[in-house]
Amino acid sequence: MQMNAELFRAMGIIAEDEGLMAKLLKYAKRLATKKESETLLTKEEFLRRVEKAEAQIARGEGMEMLPGEDLTAFLNRNGYGI
């Protein structure tokens, strides 16, 4: 409850400056997006995963889908099925 009061008090001060309000809105949207989906990766995390996958493929550790295989069958065959 106290945190909400502090937040609204700070927003009241910021509301007088349109530039600060735009920054606050941009940041709030970014926080909300992170909260909504924890599967989102930063660019750096994504590139690290790509590099790791490329290294695995180079070592012959990659997995590939069989001709005509759908994604569900592929995931089940590789132990990732639901």
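Read on for a plain summary of the structure.

1. Focus: the overall build of the protein chain
Along the protein chain, the regular secondary structure elements total four helices and zero strands. Each helix and strand of the protein chain, placed in order from N terminus to C terminus, yields the pattern α-α-α-α. Relative to its length of 82 residues, the protein chain is extended, with a C-alpha radius of gyration of 22 Å against a globular reference of 12 Å. Across its three principal axes, the protein chain shows a C-alpha extent of roughly 60 × 25 × 25 Å. Per-residue burial over the protein chain gives 2% buried out of 82 residues. Carbon and sulfur atoms make up 60% of the accessible area of the protein chain, which totals about 7,900 Å². In the protein chain, 13 side chains carry a positive charge and 14 a negative one; their mean positions are 4 Å apart.

2. Here we look at the side chain of Glu69
Structurally, Glu69 can be placed in the loop between helix H3 (43-58) and helix H4 (71-77). Reaching out from Glu69, the side chain makes a polar contact with the backbone nitrogen of Leu66 at a distance of 2.7 Å. Polar side-chain contacts of Glu69 include one of 2.9 Å to the side chain of Arg77. With residues near it in sequence (within four places) discarded, Glu69 still touches Glu64, Phe74 and Arg77.

3. Considerations on a nonpolar patch on the surface
Taken together, the side chains of Met63, Met65, Leu71, Leu75 and Tyr80 make up a nonpolar region of the molecular surface, amounting to roughly 500 Å² of accessible area. Along the chain, the position of Met63 falls in the loop between H3 and H4.

4. Some thoughts on H3
Spanning 16 residues, H3 covers 22 Å between terminal C-alpha atoms, matching the ideal 22 Å at 1.5 Å per step. Looking one or two places after H3, you find Gly60, whose phi comes out positive at around 80 degrees.

5. As for the pattern of salt bridges
All chains considered together, the criterion is met by two salt bridges. The partner of Glu61 in a salt bridge is Arg59, and the shortest N-O contact between them spans 2.9 Å. With a shortest N-O distance of 2.9 Å, Arg77 and Glu69 are connected by a salt bridge. Arg77 gets classed as partly exposed once you look at its relative accessible area, which sits at 42%. With a relative accessible area of 15%, Glu69 lands in the buried category.

The rules behind each value
- Residues numbered from 1 in each chain as written.
- Predicted model: local features only at pLDDT ≥ 70, side-chain atom pairs only at ≥ 80, totals over all residues.
- Heavy atoms only, no water.
- Helix = DSSP H or I, 4+ residues; strand = E, 2+ residues; numbered from the N terminus.
- Rg over C-alpha atoms; globule rule 2.2 N^0.38 Å.
- Buried < 20%, exposed > 50% of the residue type's maximum accessible area, 1.4 Å probe, protein only.
- Areas by Shrake-Rupley, 256 points an atom, 1.4 Å probe, with all protein chains shown as cover.
- Lys, Arg positive; Asp, Glu negative; His and termini not counted.
- Charge placed at Lys NZ, Arg CZ, Asp CG, Glu CD.
- Polar contact = N/O pair within 3.5 Å; in protein donor to acceptor, adjacent residues only side chain to side chain.
- Contact = heavy atoms within 4.5 Å.
- Patch = residues over 30% accessible without salt bridge, like charges linked within 9 Å, V, L, I, M, F, W, Y side chains within 5 Å.
- Salt bridge = Lys/Arg side-chain N within 4 Å of Asp/Glu carboxyl O.
- Expected span 1.5 Å × (residues − 1).

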